[in-house]
Amino acid sequence: IKLCSADGCTNSIINGGVCITHGAKMKLCSNEGCTNIVVKRGVCVRHGAKLNLCISKGCTNISVKGGYARHRARSSDAAMKDAGINPQLEASVLDMEQSRRTMQKRRMH
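The rules we used
Residues numbered from 1 in each chain as written. Predicted model: local features only at pLDDT ≥ 70, side-chain atom pairs only at ≥ 80, totals over all residues. Heavy atoms only, no water. Helix = DSSP H or I, 4+ residues; strand = E, 2+ residues; numbered from the N terminus. Buried < 20%, exposed > 50% of the residue type's maximum accessible area, 1.4 Å probe, protein only. Contact = heavy atoms within 4.5 Å. Areas by Shrake-Rupley, 256 points an atom, 1.4 Å probe, with all protein chains shown as cover.

A. Highlighting the overall build of the protein. Within the protein, the regular secondary structure consists of two helices and two strands. Helices and strands appear in the protein in the N-to-C order β-β-α-α. Among the 109 residues that make up the protein, the fraction classed as buried is 21%. Relative to all contacts within the protein whose residues are 6 or more apart in sequence, the contacts with residues 24 or more apart total 6%. When the accessible surface of the protein is split by element, carbon and sulfur atoms take 53% of a total near 8500 Å².

Okay, structure coming up:
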């Protein structure tokens, strides 16, 4: 975790090397009157931003890295390295596969 560049601040970086307290700008949802932070495509989850779920069977958490939930991403990297698999390469393959599935769904609608 990277820390804010302001002297003595121990908050995590949000944007531009600083935390919200020290001036990081966060985009707000474009829906009129909404003060939630943008998640995807200019809107918050309440107003339509779709989040990707973990690809691990039975997991319903939001994915953060390579299609896996936060707690699975760390352990999956270690397991892949032990098996001789490059985690970054595997993540890009998973991302491409997920993109392909998304495009197929869009064509069906």
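Next comes the rest of the account.
B. Just unusual backbone geometry, in detail. Residues other than glycine seldom take positive phi values, yet Arg41 does so here, at roughly 50°. Its place among the elements puts Arg41 in the segment before strand 1 (63-65). Assessed through its relative accessible area of 74%, Arg41 is described here as exposed.

C. Geometry of the environment of His22. Within the secondary structure, His22 sits in the segment before strand 1. Overall, the relative accessible area of 39% leaves His22 in the partly exposed class. Separated by eleven residues in the primary sequence, His22 and Asn11 have C-alpha atoms spaced 9.5 Å apart. The contacts of His22, once residues within four sequence positions are left out, are Cys4, Ala6 and Cys9.

By themselves, these figures tell us nothing about what the structure is for.
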